[in-house]
Amino acid sequence: MSKIAIFFAKGFEEIEALAVVDICRRCELTIDMVSVTEESTVEGAHGIVVTMDKTFSQVIFDEYDMLVLPGGGEGTKNLEAHEALMTQLDAFYEADKYIAAICAAPSIFGHRGYLKGKRACCYPSFEGHLEGAEVTEDAVTVSGHVITSRGMGTAIPFGLALAAVFCGQKKADELATAIVYK
């Protein structure tokens, strides 16, 4: 079974993170909510406190098929400042394993050089950070093993795109119907 880790730092955008977790779990994927603060709870951008499944030091990265970064201005800065997470992202990128980010978080991929020659999207006004990318205005952009999305309003299609990677488009479409999306 496929396994996904989604990383939470103080100031994460709640809908972007939790919609992905919810959709992936509805598709019966294993998705672990991981605190980069080593605390068992993390506070989002709007004061919502979420209990994590794991802390960063508990993650065995070889067990995961995808790493996901939610956005939020402060959350994105805090994720990017976490050097051990950046090292793991580099390893996943270099191994052609899936990495995904939404809202401001795709800027991290741009800063790290992952987007050269790829298509990508992000929160409007962050496009300048998508260094080397062909910038799209799509809700979700899949370019090889790199998946990006634009923001809170695209959290459901983002989650569905991640689910489709591991469950197939048919199951993702069935879930979209079941949750009355579109």
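Our subject is the structure that appears above.
Here's a quick rundown of the structure. The structure displayed is predicted, hence computed values, not measured ones.

About the cut-offs
- Residues numbered from 1 in each chain as written.
- Predicted model: local features only at pLDDT ≥ 70, side-chain atom pairs only at ≥ 80, totals over all residues.
- Heavy atoms only, no water.
- Buried < 20%, exposed > 50% of the residue type's maximum accessible area, 1.4 Å probe, protein only.
- Helix = DSSP H or I, 4+ residues; strand = E, 2+ residues; numbered from the N terminus.
- Pairing = 2+ DSSP bridges.
- Phe/Tyr/Trp six-rings, centres within 6.5 Å; stacked < 30°, edge-to-face > 60°.
- Axes fitted to C-alpha atoms, helices over the stretch in contact; angles between N-to-C directions.
- Parallel < 35°, antiparallel > 145°, perpendicular 65-115°, else oblique.
- Left-handed = near helix turned anticlockwise from the far one by under 90°.
- Contact = heavy atoms within 4.5 Å.
- Nonpolar A, V, L, I, M, F, W, Y, C, P; charged D, E, K, R; others polar.
- Arc of directions from axis to C-beta.

1. What to know about the pairing of strand β6 (residues 66–69)
1) Next: On β6, burial covers both faces: Met-66 and Val-68 on one face and Leu-67 and Leu-69 on the other are all buried.
2) Next: One ladder, built from three bridges, connects strand β1 (residues 3–8) with β6; its direction is parallel. Its bridge partner lying in β6, Ala-5 is registered against Leu-67.
3) Next: As paired strands, β6 and strand β7 (residues 98–102) are joined by four bridges and run parallel to one another. From the neighbouring strand, Val-68 faces β7, where its bridge partner is Ala-100.

2. Remarks on the packing of aromatic side chains
1) Next: Inspection of the entire model under this criterion finds eight aromatic pairs.
2) Next: Measuring from ring centre to ring centre gives 4.4 Å for Tyr-93 and Tyr-114, while their planes differ by 15 degrees; the resulting arrangement is stacked. One end of the pair, Tyr-93, is in helix α3 (residues 83–94); the other, Tyr-114, is in the loop between α4 (106–111) and β8 (119–120), with 21 residues separating them in the sequence.
3) Next: The exposure class assigned to Tyr-114 is buried, which follows from its relative accessible area of 2%.
4) Next: Ring centres of Tyr-123 and Phe-126 lie 6.4 Å apart, and the angle between their planes is 70 degrees; on these two criteria the pair is classed as edge-to-face.

3. As for the packing of helix α1 (residues 14–26) against helix α5 (residues 155–167)
Any two packed helices are characterised by the angle at which their axes cross and by the distance between the axes.
1) Next: Contact geometry for α1 and α5: axes closest at 8 Å, N-to-C directions at 40 degrees. Considering the angle they form, α1 stands oblique to α5. The handedness of the crossing between α1 and α5 comes out as right-handed. Contacts between α1 and α5 involve Ile-15, Glu-16, Ala-19, Val-20, Ile-23 and Cys-24 from the first element and Ala-155, Ile-156, Phe-158, Gly-159, Leu-160, Leu-162 and Ala-163 from the second.
2) Next: Taken together, the residues that form the contact of α1 with α5 break down as 11 nonpolar, one polar and one charged.

4. Some thoughts on the sheet that holds β6
1) Next: Strands sit in the order β5-β2-β1-β6-β7-β11-β10 across an open sheet of seven strands; the sheet is mixed. On the outer flanks of this sheet lie β5 (54–55) and β10 (140–143), each paired with one strand and no other.
2) Next: Each of β1, β2 (30–35) and β7 is contacted by α1, which is oriented at about 155 degrees to β2, the strand it contacts most.
3) Next: Seen against the sheet, α5 touches β1, β6, β7, β10 and β11 (146–149) and runs at an angle of roughly 175 degrees to β7.

5. Some thoughts on helix α6 (residues 169–178)
1) Next: The set of residues buried in α6 consists of Ala-172, Leu-175 and Ala-176. Summarising the axial view, the buried residues of α6 lie within an arc of 105 degrees, below the 170-degree limit, and thus occupy one face. Opposite the buried face of α6, by more than 90 degrees, sit the exposed residues Lys-170, Thr-177 and Ala-178.
2) Next: Buried residues in α6 make contact with α1 and α5.
3) Next: At the C-terminal side of α6, Val-180 shows a positive phi close to 60 degrees.

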